[in-house]
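# Descriptive analysis of the structure
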Amino acid sequence: MKATNIRNFAIIAHIDHGKSTLADRIMSQTQTVSDRDSQAQLLDDMAVEQAHGVTVKSRTVRNFYQAGDGQEYEYNLIDTPGHVDFSYEVSKSLAASDGAILLVDATQGVQAQTVANWRLAQQNGLAILPVVNKIDSAAADVARTVAQIQALDASLATVSPLLISAKTGQGVHAVLEAIKTVFPAPTGSATAPLKALVFDSLYDPFKGIIAYVRIADGQLKSGMANQLMAAQTTLTNKEIGTFTPQMTPVQTLGVGEVGYVVTGLKDPQLLRVGDTLTSQAQPTANPFPGYQPAQAMVFAGFYPKDQAYHDLQLAIEKLALNDSSFQYQAEVSEALGPGFRCGFLGIFHLQIIRERLQDEYGLSVLTTAPNVTYRVHLKGQDAPVLVNNPINFPDFAAVDFVEEPFAKATITTPSETLGAVMQLADNHKGQLVDMANQGELVVIHYRLPFAEIAYDFFNALKSITHGYATLETRFDDYDLADVVKVEVHINYAKVDALSFVVHREDAPAMTQKLVHQLKYTVPRKLYPMPAQAVVEGKPLARVDIPPLRKNAAVNGEKRSLSKKQALLRRQSVNKRQAAYSDITLSQDVFNAILELS
Ligand code: GTP
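Heads up: these notes are all about the structure in this document. (Residues numbered from 1 in each chain as written. Predicted model: local features only at pLDDT ≥ 70, side-chain atom pairs only at ≥ 80, totals over all residues. Heavy atoms only, no water.)

The helix and strand inventory of the protein stands at 15 helices and 31 strands. Considering only contacts in the protein between residues 6 or more positions apart, those separated by 24 or more positions represent 70%. (Helix = DSSP H or I, 4+ residues; strand = E, 2+ residues; numbered from the N terminus. Contact = heavy atoms within 4.5 Å.)

This is the structure in structure tokens:
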């Protein structure tokens, strides 16, 4: 297909506003899938995806459209993987698009995620086609929704959004016609050396690493000798193709086209999303700058529970391939053995990775309490030490001062929840930068310590706004932090994996709460064990974990007094000798720390 007749676009919407329904409708109206087959085909597709352990949501589809002007167009619908809370992930696929359909549900109007996604599309320089969905619904308020879209931005003030029902198909034809006029055709030179953007990737157990590409210049041929420029990886591709929506092999992909490359690579380290795929014989002279590798802000240890370390290692490597913002590195804990220190964009990201390990690889992992990276300045030394594992936090006596990372947070929320949101940010040491009204929503900017949003800030925000707010965070800078390391001692032995770092002012309350939780989560022994939270060498909080022992008085009712006493004696001996390694640390113990904030 010649580039002038290609359009690459994404659909951006708030959750449940009808993105999938519209995508299905576009596929059936362009006969990419027949109406009758559409249900079965998509379900099949998902079954295959599940069996192959790839993300079910990712759906990039090529459609051919016979337009009113008598010409045929190639419409590549590029899925935006999910969530604005992973704005990094969303912008990845937006980088492969030239336009975005901004889809708004007429029964709900513009929502926080509509605004956040629209802002990302704008930042990526995409042409926007606003579309109002669900006009068939009795609850639709079309006039209000149109007014809200027009109020988003001066550039949309005079635009008349298209009105559709993705469910009945009403108005969808007008969307198909508008796509070719509103969205620009890709530009690029067919005769220049091959230059393709790798905008996503996945691991297939049979085919190895599959890269999703958009061709910027030149031509990609099946069986060609390729190279990935940033990773300096060479390969001969095994197959190339398009998404119809199943992967369908083709011989060539030309300028502007979107498709996949079976790289034949098995080692996930060899490919990074954002890289440039070119030809070995004639590499392009100007590769893409590459995505700024997303900076992991939250770190936690992942340790194998029942399964082998090696299985966890393989799964983590494959996940990192599919999600370039996820980082990992091997580590060893005295209490837990070998595992991994993993880096995430935030706590929500951590939860998603845990779920994916469980769903896609059947692995459940023990997760230690998350923390941020600290810059620790030692006395008499110029360069700070970077610490992302509390175990390695230097002794307080050697520390001059500590800096912690701060985030710029953008919260978009309905105006009626403004008070509660400001209170929440305040409780988390947030400094208000500015705020602006966006119709019935407010966009607020804060500066907050990353550690404050690392725990449950996002859940709390969702809860006080009934799910209506969105949160985007970006690293701002490092700044002074008055923090201390909390060490947990159980039965007089330090348990390294339970250490964590907190703001000094929060330490007394947090450690009290912690030892109270440990009382109920640490497995009991036949003897009582003290659990202590130690800060700067001093125990700040202590609790005795009660013994798990027979009640000599009751059970020994018929026994002689001397036998009862002997039983009690046996139960209380050896308590100091018992090493904490006898204690199996369950996830509950780590959750006790997680639930502190
Ligand atoms: P997520 O993938 O969860 O973000 O949702 P989505 O945006 O893809 O929405 P989806 O297409 O799954 O639609 C959400 C719900 O809205 C479903 O129950 C659809 O049947 C319904 N829906 C979608 N379009 C229309 C429409 O035009 N009219 C009506 N009445 N319902 C619709």
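Bringing the sheet that holds strand E8 (residues 208-217) into the picture now. What the eight strands build is an open sheet, ordered E11-E10-E16-E7-E8-E15-E12-E13; its pairing is antiparallel. Strands with a single pairing partner mark the edges of an open sheet, and in this sheet they are strand E11 (233-236) and strand E13 (247-250). In this sheet, neighbouring strand axes are inclined to one another by 40° on average, regardless of whether the strands run parallel or antiparallel. Pairing of strand E12 (residues 239-243) with strand E15 (residues 258-262) involves three bridges; the strand directions are antiparallel. (Pairing = 2+ DSSP bridges. Axes fitted to C-alpha atoms, helices over the stretch in contact; angles between N-to-C directions.)

Here we take up the pattern of salt bridges. Evaluated as defined, the whole model comprises 20 salt bridges. Linking Glu487 and Lys485 is a salt bridge whose minimum nitrogen-to-oxygen distance equals 3.9 Å. Of the two residues, Glu487 and Lys485, neither departs from the other in class, the shared state being buried. When the shortest N-O distance is used, the salt bridge between Asp544 and Arg542 registers 3.1 Å. Under the relative-accessibility criterion, Asp544 is labelled partly exposed at 41%. Taking the relative accessible area as the measure of exposure, Arg542 reaches 45% and is therefore partly exposed. A network of salt bridges, in which partner residues are shared, links Arg447, Asp476, Asp477 and Asp479. (Salt bridge = Lys/Arg side-chain N within 4 Å of Asp/Glu carboxyl O. Buried < 20%, exposed > 50% of the residue type's maximum accessible area, 1.4 Å probe, protein only.)

With that settled, consider the site of the ligand. Residues in contact with the ligand amount to 13 residues; listed here are only the nearest, Lys19, Ser20, Thr21, Lys134 and Asp136. Measuring from an oxygen atom of the ligand, one finds a backbone N or O atom of Gly18 at 3.0 Å. Between the ligand and Asn133, the relevant distance is 3.1 Å, taken from an oxygen atom to a side-chain nitrogen or oxygen of the residue. Summarising the interface, the protein chains cover 67% of the accessible area of the ligand, which totals 650 Å² for the free molecule. Sort the elements by how many residues they give to the shell around the ligand and helix H1 (residues 19-29) lands first, with three residues. In terms of residue class, the shell around the ligand is built from two nonpolar, six polar and five charged. (Near = heavy atom within 4 Å. Polar contact = N/O pair within 3.5 Å; in protein donor to acceptor, adjacent residues only side chain to side chain. Areas by Shrake-Rupley, 256 points an atom, 1.4 Å probe, with all protein chains shown as cover. Nonpolar A, V, L, I, M, F, W, Y, C, P; charged D, E, K, R; others polar.)

The next point concerns the sheet that holds strand E20 (residues 365-367). One open sheet holds the four strands; their spatial order is E18-E19-E17-E20, and the pairing between them is antiparallel. Strands at the two margins of the open sheet, each flanked by one partner only, are strand E18 (327-333) and E20. With direction set aside, neighbouring strand axes in the sheet form an average angle of 35°. Summarising the sheet, strand E17 (residues 298-304) and strand E19 (residues 337-344) pair through five bridges and their orientation is antiparallel. Looking at E19, one finds that Phe299 is bridged to Gly343. In this fold helix H8 (residues 347-361) packs onto E17, E19 and E20, with an angle of close to 20° to the strand it touches most, E17.

Further remarks concern the nonpolar core. As a rule of thumb, soluble globular proteins bury nonpolar side chains together. By size, the foremost hydrophobic cluster in this structure holds 34 residues, and its most contacted members are Tyr374, Val376, Phe393 and Ile411. Where this core is concerned, the elements lending two or more residues are strand E21 (374-378), strand E23 (399-414), helix H9 (418-427), strand E25 (441-449), helix H10 (450-454), helix H11 (457-464) and strand E26 (470-481). A total of five residues in this core trace back to one element, the largest contributor, which is E23. Among all residues touching Val376, those that are not within four sequence positions of it are Pro384, Val385, Val387, Phe393, Pro394, Val399, Phe401 and Val402. (Core = buried A, V, L, I, M, F, W, Y, C linked by side-chain atoms within 4.5 Å.)

Remark: H1 packs on helix H6 (residues 172-182), axes separated minimally by 10 Å, with the N-to-C direction vectors making an angle of 80°. It follows from the interaxial angle that H1 and H6 lie roughly perpendicular. Mapping the contact onto sequence places Leu22, Arg25, Ile26 and Gln29 in H1 and Val172, His173 and Leu176 in H6. For the contact of H1 with H6, the residue count by class is four nonpolar, two polar and one charged. (Parallel < 35°, antiparallel > 145°, perpendicular 65-115°, else oblique.)

Let us look at helix H5 (residues 142-150). A turn of α-helix holds 3.6 residues, and therefore any two residues three or four places apart point the same way. Residues of H5 that are buried include every one of Thr145, Val146, Gln148 and Ile149, and no others. The buried side chains of H5 occupy one side of the element, clustering within an arc of 160° when seen end-on. Each element contacted by the buried residues of H5 is listed here: strand E4 (99-105), strand E5 (127-133) and strand E6 (162-163). (Arc of directions from axis to C-beta.)

With respect to the helices and strands, the residue Thr511 is situated in helix H12 (residues 507-521). Considered as a pair, Thr511 and Thr521 are 10 residues apart in the sequence and their alpha carbons are 15 Å apart. When sequence neighbours within four positions are dropped, the list of residues in contact with Thr511 reads Val486, Ala533, Leu540 and Ala541.

What the rule picks out here adds up to 14 aromatic pairs. A ring pair is formed by Tyr328 and Phe340, whose centres lie 6.2 Å apart and whose planes are at 75°; its orientation type is edge-to-face. Of this pair, Tyr328 sits in strand E18 while Phe340 sits in strand E19, placing them 12 residues apart in sequence. By relative accessible area, which is 22% here, Tyr328 ends up partly exposed. (Phe/Tyr/Trp six-rings, centres within 6.5 Å; stacked < 30°, edge-to-face > 60°.)

A few words now on the environment of Val182. Position of Val182 relative to the elements: it lies in helix H6. On the basis of relative accessible area, Val182 is assigned to the partly exposed category, the value being 33%. With near-sequence residues (within four places) excluded, Val182 lies in contact with Ala127, Ile128 and Leu129.

On to unusual backbone geometry. What you tend to see is this: most non-glycine residues have negative phi, and most peptide bonds are trans. The omega angle of the peptide bond from Thr244 to Pro245 is 0°, so this bond is cis rather than trans. Within the fold, Pro245 resides in the loop between E12 and E13. In this structure, Tyr492 takes a positive phi of about 70° despite not being glycine. Its location among the elements puts Tyr492 in the loop between strand E27 (483-490) and strand E28 (493-494). Residue Tyr492 is classed as partly exposed on the basis of its relative accessible area, which comes to 41%. Although it is not a glycine, Glu536 adopts a positive phi angle of roughly 45°. By secondary structure assignment, the location of Glu536 is in the loop between strand E30 (529-535) and strand E31 (538-545).

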